[in-house]
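A structural walkthrough
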Amino acid sequence: MSERGGGPFGELGRFARAALVDPVPRDHRESRAAIRRRQVVVLATLVVGFALLTWALRTPPGSSAFYVATLALAAVWVAGAFASGPLHLGRARTRTGRIDARPVVQPVVLGVSLLLVFLAGALVVGRIPLLRGPVEELLDHARFGSLLAVALITAINGIAEELFFRGAMYAALTRHPVAVSTIAYTLSTVGTGVPLLVLAAAALGLVTGLQRRVTGGILAPTITHVVWSLGMLLLLPPPSRSETDMATDQTDRPAGDGPVLVTGATGYIGGLLVPELLRRGRTVRVLSRSADRIAELDWGDAVEVAEGDASDADDVAAALEGVDVAYYLLHSMAGGDDFEERDRELARTFATAAAQQGVRRLVYLGGLHPDGELSPHLASRVEVGKILLDSGVPTAVLQAGVVLGDGSASFDMLRYLTERLPVVVAPRWLRNRIQPIAADDVVHYLAEAADLPAELNRTFDVGGPDVLTYAEMMERFAALTDLGPRYIATVPVLTPELASLWVGLVTPVDSGVARPLVGSLIHDAVRSEEDLDDLVPPPPGGAAGFDEAVRRATRDMHLSLSAQGARLGAGAIGAAVSLGSAATAPARGVLRRLRS
């Protein structure tokens, strides 16, 4: 057989030898002193880089901290690479044995080949729950963030990693550089807690290490890495349960068979939803940490009570046993440093148990939001919805803006701000567009969502017929309740954090509760689609407009400004102006103003 014989397999073998086996002659050598310098720089860079990588992949999806951390990581890899000494691009050997100029075609082919292997593997991963969960968490950074930004950061980090691991580190190793650099690169992903990412790093590290050995430079490894990583980002399908798994215990159960579980039943929306479901003839079960507290409610003796904690997997599984439809109405309002992780774990626990217990449908109430970066609380609610949608149980995620009803935290904030501030200097985002909805209408849509077609697994935007700014809502509320005209000026200062403190100062709404409410106002909250209107009947009499919703909510209220309220309102004007002027000052100075 001739050198060029062997058919396709012979051609493939020659390609593999040229790309991964036979090294090209080197035109550079380094002294011992230069190698020692590289070794010191590489070790220091590894320590910093490992810590930053772990932080980057554990930041909340879509948050600005993710972008900051990953760009900082790339900067560390690049700085370490160039600080260690000169780097070389390398040269390629063609499959015929000729030394070519720069390696381009071979690394592109290798990158695509790796991509195809991993895409095939993703189909297997989607059917293994133990592996699917960690991959979903990793992919959340692309799902909830800006895809363009994540793609750009992915490419930048791929280049930076190759500059360091196959550039500086490889050159610093005097023995077994392919094996050692691959192991180091693999270990850099262990802190993420995603086994498949560690496996991918090992495979990619081995291929790019062999390319570095063959070409003598970083160009081939870099091209392969970028092709593979961008392809994975853009083409990797979200892991999901198999069609057989999704059908199991879901389609065999007729609608309405079994009780309906309501979590968050002691909250505002949950407390309205339970009696509506009972009115419709549903058997209702509630999950609560205190059966005694449920018994004190007007409808307490009409429901089943599953006493337990939503964070306890066994309690949740017991509550969901035999359930037909489950309403997930849990989310953190008070915040804290770990509220995103707390919400994430609660949702995962619930989603897993619902799938295991064969629940026919999940229903969740989230928030209206635009595309792009969101406030931490709104981003967390979006993430919770995505976790439920990926559970394998058909899920309806209803997304609402400001809910207008007596007892709604967002309505209370609107009421008290309007009542107590006849004149206000407010943040500029009070001019953002909002599509509020009456509480009764939210409850109607939630109840109707229980009987949506079994194949539907998606989000639905809900809202009333009016689109207003928050400032317009304050003005209309004042007119409807005879509070007199309100004068609102907006300024391009007053951060959401400061505004929540301001709300806590001038209204009975706690600043911890105000923070997520204020954070949601920095975005437009308007429906982008009205698909649910084609699937369920409208609320009795049609969806209520803003004026009608306010009339319903204030029917039993006494909305007059007492002398004490007037004094508080006047003081609040000064507080708002003071906070507005202090928004760009150091935080300590702001706190001194608040305490004075």
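You'll find the structure just up there.
A brief look at the structure comes next. Only a predicted model underlies this, so the values are computations on that prediction, with no experimental measurement involved.

**Overview of the sheet that holds strand E1 (residues 260-263)**
- The 7 strands lie next to each other as E3-E2-E1-E4-E5-E6-E11, forming an open sheet whose pairing is parallel. Each edge of the sheet is formed by a strand with only one pairing partner; in this case those strands are strand E3 (304-307) and strand E11 (458-461). Each adjacent strand pair in this sheet contributes to an overall mean axis angle of 20°, direction not counted.
- Each of strand E4 (325-328), strand E5 (361-367), strand E6 (395-400) and E11 is contacted by helix H15 (residues 376-389), which is oriented at about 165° to E5, the strand it contacts most.
- Lying on the sheet, helix H17 (residues 439-449) is in contact with E4, E5 and E6; it crosses E5 at an angle near 155°.

**Section: the side chain of Glu529**
- Looking at the element boundaries, Glu529 is found in the loop between helix H20 (511-521) and helix H21 (546-553).
- Look at Glu529 and you get buried, because its relative accessible area is 16%.
- Only 2.8 Å separates the side chain of Glu529 from the backbone nitrogen of Asp531, close enough to count as a polar contact.

**Some thoughts on the packing of aromatic side chains**
- Applying the stated criterion across every chain yields a total of 8 aromatic pairs.
- Look at Tyr328 and Phe350: their rings are 4.9 Å apart centre to centre, the planes differ by 55°, and that puts the pair in the tilted class. Note that Tyr328 is positioned in strand E4 and Phe350 in helix H14 (residues 339-356), a separation of 22 residues in sequence.
- Assessed through its relative accessible area of 2%, Tyr328 is described here as buried.
- Every member of this aromatic cluster is reached through a ring pair, and the members are Trp77, Phe164, Phe165 and Tyr185.
- One cation-aromatic arrangement involves Arg166 over Tyr185; the distance from NZ or CZ to the ring centre is 4.7 Å.

**A word on H21**
- Among the residues of H21, Phe546, Ala549, Val550 and Ala553 are the ones counted as buried. Projected onto a plane normal to the axis of H21, the buried residues spread over an arc of 100° and lie on a single side.
- Structurally, H21 contributes buried residues whose contacts are with strand E7 (403-404), helix H16 (409-420), strand E10 (437-438), strand E12 (468-469) and helix H18 (470-480).

**Some thoughts on unusual backbone geometry**
- Of note, the phi angle at His176 is positive, near 50°, even though the residue is not glycine.
- Mapped onto the elements, His176 comes out in the loop between helix H6 (147-172) and helix H7 (177-187).
- Judged by relative accessible area, His176 falls into the exposed class, the value being 54%.
- With a phi close to 60°, Asp482 is a non-glycine residue in the positive phi region.
- According to the relative accessible area criterion, Asp482 is exposed, its value standing at 70%.

**Some words on the pairing of E1**
- Burial along E1 is two-sided: Val260 and Val262 and Leu261 and Thr263, pointing in opposite directions, are all buried.
- This β-α-β element, E1 to helix H11 (residues 268-279) to strand E2 (residues 284-288), shows right-handed connectivity.
- As defined by bridge partners, E1 adjoins E4 across 3 bridges and the pair is classed as parallel. Bridging from a neighbouring strand, Val260 pairs with Val325 of E4.

**As for the packing of H14 against H15**
- Where H14 meets H15, the closest approach of the two axes is 9 Å, and the angle between their N-to-C directions is 15°. Taken as axis vectors, H14 and H15 run roughly parallel relative to one another. Helix-helix and strand crossings are classified by hand; for H14 and H15 the assignment is right-handed. Along the contact surface, H14 presents Phe339, Glu340, Asp343, Arg344, Ala347, Arg348 and Ala351, while H15 presents Pro376, His377, Ser380, Glu383, Val384, Ile387 and Leu388.
- Residues belonging to the contact of H14 with H15 are distributed by class as follows: 7 nonpolar, 2 polar and 5 charged.

**Here's the deal with the pattern of salt bridges**
- Taken as a whole and assessed by the stated rule, the structure comprises 22 salt bridges.
- A salt bridge links Asp451 to Arg282; the nearest nitrogen and oxygen atoms lie 2.7 Å apart. Here the residue Asp451 occupies a position in the loop between H17 and E11, and Arg282 occupies one in the loop between H11 and E2, the gap between them amounting to 169 residues.
- Between Asp440 and Arg552 there is a salt bridge; the shortest N-O distance is 3.5 Å. One end of the pair, Asp440, is in helix H17; the other, Arg552, is in helix H21, with 112 residues separating them in the sequence.
- Classification of Arg552 by relative accessible area gives partly exposed; the value is 26%.

**Structural notes on the packing of H11 against H17**
- Close contact between H11 and H17 brings their axes to 9 Å; oriented N to C, the two are set at 60°. Classed by the angle they form, the pair H11 and H17 counts as oblique. You can see that H11 and H17 cross each other, and the crossing is right-handed. On H17, the residues that touch Tyr268, Ile269, Leu272, Leu273, Glu276 and Leu277 of H11 are Ala439, Val442, Val443, Leu446 and Ala447.
- Broken down by class, the residue content of the contact of H11 with H17 amounts to 10 nonpolar, no polar and 1 charged.

**With respect to the pairing of E4**
- Burial along E4 is two-sided: Val325 and Tyr327 facing one way and Ala326 and Tyr328 facing the other are all buried.
- Where E4 lies against E5, 4 bridges are found, and the strand directions are parallel. Following the sheet pairing, Val325 is matched in E5 by Arg361.

The rules behind each value
Residues numbered from 1 in each chain as written. Predicted model: local features only at pLDDT ≥ 70, side-chain atom pairs only at ≥ 80, totals over all residues. Heavy atoms only, no water. Pairing = 2+ DSSP bridges. Helix = DSSP H or I, 4+ residues; strand = E, 2+ residues; numbered from the N terminus. Axes fitted to C-alpha atoms, helices over the stretch in contact; angles between N-to-C directions. Contact = heavy atoms within 4.5 Å. Buried < 20%, exposed > 50% of the residue type's maximum accessible area, 1.4 Å probe, protein only. Polar contact = N/O pair within 3.5 Å; in protein donor to acceptor, adjacent residues only side chain to side chain. Phe/Tyr/Trp six-rings, centres within 6.5 Å; stacked < 30°, edge-to-face > 60°. Lys NZ or Arg CZ within 6 Å of the ring centre and 35° of its normal. Arc of directions from axis to C-beta. Right-handed = clockwise from strand over helix to strand, strands pointing away. Parallel < 35°, antiparallel > 145°, perpendicular 65-115°, else oblique. Left-handed = near helix turned anticlockwise from the far one by under 90°. Nonpolar A, V, L, I, M, F, W, Y, C, P; charged D, E, K, R; others polar. Salt bridge = Lys/Arg side-chain N within 4 Å of Asp/Glu carboxyl O.

Purely spatial values, then, with no claim about function.
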